[in-house]
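Now for the letters of each chain:
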Amino acid sequence: MNPVDLSFQLFPGGSLGEFNLTRELSTVLSHGKGSKIYDVFGKEFIDYSISWGSIILGHAHPAIIKAVKKQVVKGSSFSYVTEQALDLAKELNRAIPCAEKIRFAASGTEATFYAIRFARAFSRKTKVVKFEGAYHGAHDIGVTSLFPQSLLPFPKPEPTSAGISRQVQDEILIAPYNDLKTTQQLIEQNEDEIACVIMEPLQRCTPPVKGFLEGIRQITKEKKILLIFDEVVTGFRLAYGGAQEYYGVVPDIAAFGKAMGGGYPIGVVCGRADILDLCVESNLGKEGYVWFASTLAGNPVSVSASLATLKELRKPGAYERLHHLGRKLREKFRALFQKLEIPGQVLGDGPLCQVLFTEEPVTDYRAAFRADRQKGRRFALGLFEKGIFLNPMGTKMYLSLAHTEEDIQKLIDISRKVLKKI
Ligand SMILES: Cc1ncc(COP(=O)(O)O)c(C=O)c1O
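Residues numbered from 1 in each chain as written. Predicted model: local features only at pLDDT ≥ 70, side-chain atom pairs only at ≥ 80, totals over all residues.

(A) View of unusual backbone geometry. P155 follows F154 through a cis peptide bond whose omega is 10 degrees. Within the fold, P155 resides in the loop between β5 (127-131) and α6 (166-170). Phi is positive for E341, which is not a glycine, with a value near 55 degrees. On the secondary structure map, E341 appears in the loop between α12 (318-340) and β11 (345-347). Here E341 falls in the exposed class, since 6 other C-beta atoms lie within 10 Å of it. (Helix = DSSP H or I, 4+ residues; strand = E, 2+ residues; numbered from the N terminus. Buried ≥ 20, exposed ≤ 12 C-beta atoms within 10 Å, placed from the backbone.)

Spelled out as structure tokens, the structure:
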């Protein structure tokens, strides 16, 4: 049977997640090397998805292969502290401003789930402020008002997935990203019930406007509400110490994943010691005790891959290069739009880029929602057809240290051709 037919027979939409191509464009991958991936039919793609941002060094990086090979023969998982886990925790504690204490998880979803649980347990309150259009993983809170269609008045949430109980919706307050005044009002009106504000410091690809993160930090501190940074995307990507280092705003709790695992499953919850210590087993039965367990969390294979990744990222020039490549890509897209007289916005920071078809500057979800999303999808599918691997949802393009200026020029050349046709 053709592997694509088999994929559609066995996987909903012939896909492993939210990466749904038309049947004609769907494929089955075989392997990757550096910035390229190859399908079983021999087609080469330049990868601008890099496993949704996980492969920050590029595919099959020799340093990661070496570290993983060395570890797998010594055992893959013990669900207990290892020397490698200690080494990684020491490095996280040194690198991440808020990371007084650390718990490993197995994914970003798990990390944000636990971050919220810690915040609720510590504050003894239940409501969570989340920003419209932000993603915090697949759990109920993470997908509430992720892609809302009705644009309800704030703070009313809209579930993006079925299967979420009404009670969850009653506990989430939705705020507009980059609108400090509305968010402050919403917090003031509900301060006695709010456990935490969770946010992507750089939301999807939309940077924070000047003073926004500082304002959120100030009001949460004043009102004794905990601030959670979801750094699953920004962590070890915008800077070695994540968005909190990059923007100079330190949260109480943070969640990490993706890039820090170098392509192996990982998640991290870290933060103030007085909050993280709630999960000590001797607290069981006491008020505020947090259950924390994750069978494969901190497994030495993922941890070894992470240590190898961080070692590469600490080398001089790594972040300069990631930022240089991202800046180049965004500048070239802007120049292309201008030349072709296409109304478009190019968002992002560091090695991240998103293209939206709208004349209006985009600083929040609603402005992005008003863009021509049909055109965005046609653009993404057109690129895919011509060998650019990217999520057709058009949410983000990711660059790795393996990408080159030539890769970027190829993307721009192909984009020129596709834009003329759509
Ligand atoms: C900001 C953010 N938080 C959390 C997650 C969830 O991470 P994972 O897919 O590893 O569960 C994602 C994944 O895309 C993300 O972008």
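(B) Up close: the sheet that holds strand β4 (residues 101-105). Strand order in the open sheet formed by seven strands is β4-β10-β9-β8-β7-β5-β6, with mixed pairing between adjacent strands. Since the sheet does not close on itself, it has two edges, and those belong to β4 and β6 (172-175), each with one partner. Neighbour-to-neighbour, the strand axes of the sheet open up by a mean angle of 20 degrees, direction not taken into account. Here four bridges tie strand β7 (residues 194-199) to strand β8 (residues 226-230), and the two strands are oriented parallel to one another. Bridge assignment links I198 to a residue of β8, and that residue is I228. Each of β5, β6 and β7 touches helix α7 (residues 180-190); the most contacted strand, β6, lies at about 155 degrees to it. Sitting on the sheet, helix α8 (residues 212-222) touches β7 and β8, and the angle it makes with β8 is about 145 degrees. (Pairing = 2+ DSSP bridges. Axes fitted to C-alpha atoms, helices over the stretch in contact; angles between N-to-C directions. Contact = placed C-beta atoms within 7 Å.)

(C) A look at the nonpolar core. Counting residues in hydrophobic clusters, the biggest one holds 114 residues, and the most contacted among them are A115, F118, A119, C196, I228, V268 and V269. Ranked by residue count, the leading element in this core is helix α5 (residues 108-123), at eight residues. Each of domain 1 (3-61 + 316-421) and domain 2 (75-313) accounts for three or more of the residues forming this core. Beyond its immediate sequence surroundings of up to four residues, A115 is in contact with I228, I253, A255 and V269. (Core = buried A, V, L, I, M, F, W, Y, C linked by C-beta atoms within 7 Å. Domains from an automatic or database assignment.)

(D) Region of the structure containing the environment of P208. Examined against the element boundaries, P208 turns out to sit in the loop between β7 and α8. The residues contacting P208, other than those within four sequence positions of it, are N178, P201, L202, L213 and Y247.

(E) Region of interest: the sheet that holds strand β13 (residues 388-389). Here we have four strands laid out as an open sheet, ordered β1-β2-β3-β13, and mixed in their pairing. With partners counted over all chains shown, the strands left at the sheet margins are β1 (29-33) and β13, one partner each.

(F) Summary view of the site of the ligand. The full set close to the ligand counts 13 residues, and S107, G108, T109, G137 and V232 are the nearest of them. The greatest single-element share of the shell around the ligand, amounting to three residues, is contributed by α5. (Near = placed C-beta within 6 Å.)

(G) Focus on the packing of helix α14 (residues 373-385) against helix α15 (residues 405-421). The geometry of α14 relative to α15 is characterised by a closest axis approach of 9 Å and an angle of 130 degrees between their N-to-C directions. Put simply, α14 runs oblique to α15. The handedness of the crossing between α14 and α15 is right-handed. Facing F379, G382 and L383 of α14, the residues of α15 in contact are I414, S415, V418, L419 and K421. Of the residues that constitute the contact of α14 with α15, the class distribution is five nonpolar, two polar and one charged. (Parallel < 35°, antiparallel > 145°, perpendicular 65-115°, else oblique. Left-handed = near helix turned anticlockwise from the far one by under 90°. Nonpolar A, V, L, I, M, F, W, Y, C, P; charged D, E, K, R; others polar.)

(H) How the structure looks around the domain arrangement of the protein chain. Taken domain by domain, the protein chain holds domain 1 (3-61 + 316-421) and domain 2 (75-313). Here the C-alpha centroids of domain 1 and domain 2 sit 26 Å apart. Of the residues lining the interface, 25 residues belong to domain 1; the matching set on domain 2 comes to 27 residues. Contributing elements (two or more residues each) for the side of domain 1 that touches domain 2: α2 (50-53), α12, β12 (352-356) and α13 (365-369). Here the residues of the side of domain 1 that touches domain 2 are counted per class, giving 13 nonpolar, eight polar and four charged.

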